[in-house]
Amino acid sequence: VEAIEKTGDSPIPFTERLILGGDEYLRGFLEGHFRGDSATVATLDYRWPIWIMFDANAFFSVGNVFPGRFNDFNVKRFVASWGAHDRRFAGILVG
């Protein structure tokens, strides 16, 4: 669970606003799909080994961005993202 917000009173430039989506937060959405001054995200992530260099991953995330200092914060505004994927390791095993 993570919550982020700005600390000063000056406006945040568009390029510096918090971004959800992409590879880290709310992975089911494109990076930059959500931009705002404050953000809240909760993620459940489960990984399990399948073979020597092959893992699987399932995830579920909820969250959203908000204007100002969590203005208009409401759990009903949260969006959900979920999915599963494989992870392959390309490397040399030493042992």
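Up top is the structure.
A quick note: this is a predicted structure, and the numbers were derived from the prediction, not measured. (Residues numbered from 1 in each chain as written. Predicted model: local features only at pLDDT ≥ 70, side-chain atom pairs only at ≥ 80, totals over all residues. Heavy atoms only, no water.)

Participant: Provide a residue-level description of a nonpolar patch on the surface, including the pertinent values.
Facilitator: A cluster of nonpolar side chains, contributed by Tyr46, Trp48, Ile50, Trp51 and Ile52, occupies part of the molecular surface with about 630 Å² of accessible area. Along the chain, Tyr46 falls in strand β4 (residues 38–51). Among the residues examined, Tyr46 registers a relative accessible area of 54% and is labelled exposed. (Patch = residues over 30% accessible without salt bridge, like charges linked within 9 Å, V, L, I, M, F, W, Y side chains within 5 Å. Areas by Shrake-Rupley, 256 points an atom, 1.4 Å probe, with all protein chains shown as cover. Salt bridge = Lys/Arg side-chain N within 4 Å of Asp/Glu carboxyl O. Helix = DSSP H or I, 4+ residues; strand = E, 2+ residues; numbered from the N terminus. Buried < 20%, exposed > 50% of the residue type's maximum accessible area, 1.4 Å probe, protein only.)

Participant: Explain the pattern of salt bridges to me, using residue names and the numbers behind them.
Facilitator: Taken as a whole, this structure holds five salt bridges when the rule is applied. Here Asp45 and Arg47 are joined by a salt bridge, their closest N and O atoms 3.8 Å apart. Taking relative accessible area as the criterion, Arg47 reaches 45% and is therefore assigned partly exposed. A single salt-bridge network, built from bridges that share partners, covers Arg27, Asp45 and Arg47.

Participant: Pulling in residues and values, what's your account of the packing of aromatic side chains?
Facilitator: The full count for this structure, using the stated rule, is five aromatic pairs. Centre to centre, the rings of Phe66 and Phe73 are 5.1 Å apart; their planes meet at 50 degrees, and the pair counts as tilted. You can call Phe73 partly exposed: its relative accessible area is 40%. Site record: aromatic cluster; members linked through ring pairs are Phe66, Phe73 and Phe78. The side chain of Arg27 reaches across the aromatic face of Phe59, ending 4.0 Å from its centre. (Phe/Tyr/Trp six-rings, centres within 6.5 Å; stacked < 30°, edge-to-face > 60°. Lys NZ or Arg CZ within 6 Å of the ring centre and 35° of its normal.)

Participant: If you had to explain the environment of Asn71 to someone new, which residues and values would you point to?
Facilitator: With respect to the helices and strands, Asn71 occurs in the loop between β5 (54–66) and β6 (79–88). For the pair Asn71 and Asp37, spaced 34 residues apart in the sequence, the C-alpha separation amounts to 9.4 Å. Not counting residues up to four positions away in its chain, the partners in contact with Asn71 are Phe66 and Arg77. (Contact = heavy atoms within 4.5 Å.)

Participant: Could you give an account of the side chain of Asp55, naming the residues involved and the relevant values?
Facilitator: Position of Asp55 among the secondary structure elements: in strand β5. Apart from the residues lying within four places of it in its own chain, the contact partners of Asp55 are Trp48, Pro49, Ile50, His85, Asp86, Arg87 and Phe89.

Participant: Quick one: what's the story with the pairing of β5, residue by residue and with numbers?
Facilitator: Across a regular strand the side chains alternate sides, sitting on one face of the sheet and then on the other. Across 13 bridges, β4 lies against β5 in antiparallel orientation. Bridge pairing links Thr40 to Asn64 in β5. Linkage of β4 to β5, two consecutive antiparallel strands, is achieved through a turn of two residues. (Pairing = 2+ DSSP bridges.)

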